[in-house]
Amino acid sequence: MGRLPRLKITWPSRLGVGRVADNPPHKNITVRKPNEPLIDCYTGNRHKQGKWSNDFTCATWNIRSLYKAGATRELASQLSNYKIDICALQEIRWPGEGILHKDKLSILYSGNKTGRHEFGDGFYVSKKLMEHIMDFKPINEQLCLIRIKAKFYNITFISAHAPTEEKNEIVKEQFYEDLERVFDGIPRHDMKMVLGDFNAKVGKENFTSPACGQHSLHEITNENGRMMVEFANGRDMALEGTWFPHKNVHKITWRSPNNEVKNQIDHILVDRRHCSA
């Protein structure tokens, strides 16, 4: 196996972009079936996988909504400022599924199938990386995945949005059953990353090992955190945000409107064999 491309992992603030949003222009959308090759909605040509030559930066962001005027433009501006190449997005709130191409970016989305502007998962992909996308699979409004052709092997990203802590056990178990099914369907030799809003606080108890380090923002794990840790330990994944010492202010991924409650509930899970990348 060859050397990994260097991955930079970051969590932009969840506040800001979600306050403005954008209706997707439907004439620029390509709706695809699972396993169908990516087709450019402007030219009708199939995407070719280009030569892998650069590092890239990935992130996850619950953007609250892209269903208002100006949001796609604001999203692109914010992620460009952070130099993000690929970002898992939650709560896009676009119904249906498809691919929206803009001049310097593409948004691949998996939304509500009843037409409601609720939830919706997806990915922001920079123009630089779009030619490396091998496949996009919309699963439901809380899960989707993309597969990237890298230099020595392929990388699969799953964007996930877990139910909130107050949801009942049945809803939570169904989400993780779906996530496990999607994860287990990924080709064995792919590098795997799961990014998203898990609504999960992870503490420093012994049972969180080996998936978690000792640098979480929280001391006590909540129920969502326990379920995420069980998934991570069962699939030999590591929670990147708990392994490295940072100031607490840099661990926060969500703040309450009054700024009194601060949580680390968005996470990036990486194959343990690649977690030092």
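Per chain, residue numbering runs from 1 following the sequence as it is written. It should be noted that, the model being predicted, local features are given only for residues of pLDDT at least 70 and side-chain atom pairs only at 80 or more, the latter also being counted only at that level, while totals for whole chains, interfaces and linings use all residues. Calculation of side-chain values draws on the structure's entire complement of heavy atoms; hydrogens and water are dropped beforehand.

**Student:** Any details on the pattern of salt bridges? Residues and values, ideally.
**Tutor:** By definition, a salt bridge exists where a carboxyl oxygen of Asp or Glu is found within 4 Å of a side-chain nitrogen of Lys or Arg. One pass over the structure, following the stated rule, counts 15 salt bridges. Note that Arg226 is salt-bridged to Glu223, the shortest N-O span being 2.2 Å. Of this pair, Arg226 and Glu223 both sit in helix 4 (residues 223-234), three residues apart, which is roughly one turn of the helix. Note that Arg272 is salt-bridged to Asp236, the shortest N-O span being 3.5 Å. Highlighted residues: Arg272 in the segment after strand 15 (266-271) and Asp236 in the loop between helix 4 and strand 12 (237-239), separated in sequence by 36 residues. Throughout, exposure labels follow a simple rule: accessible area from a 1.4 Å probe, protein chains only, divided by the maximum for the residue type, with under 20% read as buried, over 50% as exposed, and the rest as partly exposed. With a relative accessible area of 30%, Arg272 lands in the partly exposed category. For Asp236, a relative accessible area of 44% translates into the label partly exposed. Numbering of helices and strands runs from the N terminus, with a helix taken as a DSSP run of H or I at least four residues long and a strand as a DSSP run of E at least two residues long.

**Student:** An account of the sheet that holds strand 15 is requested, with residue identities and associated values reported.
**Tutor:** If DSSP finds at least two bridges between two strands, the strands pair. Within the open sheet, the six strands sit side by side as 8-9-10-11-15-12. Their pairing is mixed. Among the strands making up the open sheet, the edge pair consists of strand 8 (133-140) and strand 12. For this sheet, the mean angle separating the axes of adjacent strands, direction not counted, is 20°. Pairing of strand 10 (residues 154-161) with strand 11 (residues 191-197) involves seven bridges; the strand directions are parallel. Paired with His161 across the strands is Asp197, a residue of strand 11. Residues count as neighbours in contact if any of their non-hydrogen atoms are within 4.5 Å of one another. Where helices are involved, their axes are fitted lines through C-alpha atoms of the stretch in contact, as for all axes, and angles between N-to-C directions lie from 0 to 180°. Relative to the sheet, helix 3 (residues 169-184) contacts strand 8, strand 9 (143-149), strand 10, strand 11 and strand 12, its axis offset from that of strand 10 by approximately 170°. Against the sheet, helix 4 touches strand 11, strand 12 and strand 15, its axis set at about 15° to strand 15.

**Student:** For helix 1 (residues 71-81), give the residues involved together with the corresponding values.
**Tutor:** Along helix 1, the residues that are buried comprise Ala71, Thr72, Leu75, Ala76 and Leu79. Axial view of helix 1: buried residues confined to an arc of 135°, hence all on one face. Turned more than 90 degrees off the buried face of helix 1, the exposed positions are Arg73 and Asn81. Buried-residue contacts for helix 1 involve strand 3 (56-62), strand 4 (86-90), strand 6 (105-110) and strand 7 (121-126). Of the residues trailing helix 1, Lys83 is marked for its positive phi of about 60°. The arc in question is traced by the directions running from the helix axis to the C-beta atoms.

**Student:** Describe helix 4, listing the residues and the values that go with them.
**Tutor:** Between its terminal C-alpha atoms helix 4 stretches 17 Å, which fits the 16 Å expected from 12 residues at 1.5 Å a residue. If you check which residues of helix 4 are buried, you get Asn224, Gly225, Met227, Met228, Val229, Phe231 and Ala232. Tucked into the core, helix 4 has its buried residues touching helix 3, strand 11, strand 12 and strand 15. Looking one or two places after helix 4, you find Asp236, whose phi comes out positive at around 55°. Expected helix span is given by 1.5 Å per residue-to-residue step, counting one fewer step than there are residues.

**Student:** If you had to explain the packing of aromatic side chains to someone new, which residues and values would you point to?
**Tutor:** Stacked, edge-to-face and tilted labels apply to pairs of Phe, Tyr and Trp rings (six-membered ring for Trp) whose centres lie within 6.5 Å, assigned for plane angles under 30 degrees, over 60, and everything in between, in that order. In total, this model carries five aromatic pairs according to the counting rule given. Consider the rings of Trp94 and Tyr109, whose centres lie 5.1 Å apart with planes at 90°: the pair is edge-to-face. In this pair, Trp94 is assigned in the loop between strand 4 and strand 5 (97-101) and Tyr109 in strand 6, connecting sequence segments 15 residues apart. Tyr109 shares its class with Trp94; the two are buried. An angle of 85° between the planes, with centres 5.0 Å apart, marks the rings of Phe175 and Tyr176 as edge-to-face. The burial state of Phe175 is the same as that of Tyr176; both residues are buried. Each residue in the set Phe175, Tyr176, Phe183 and Phe231 is aromatic and connected to the rest through ring pairs, giving one cluster.

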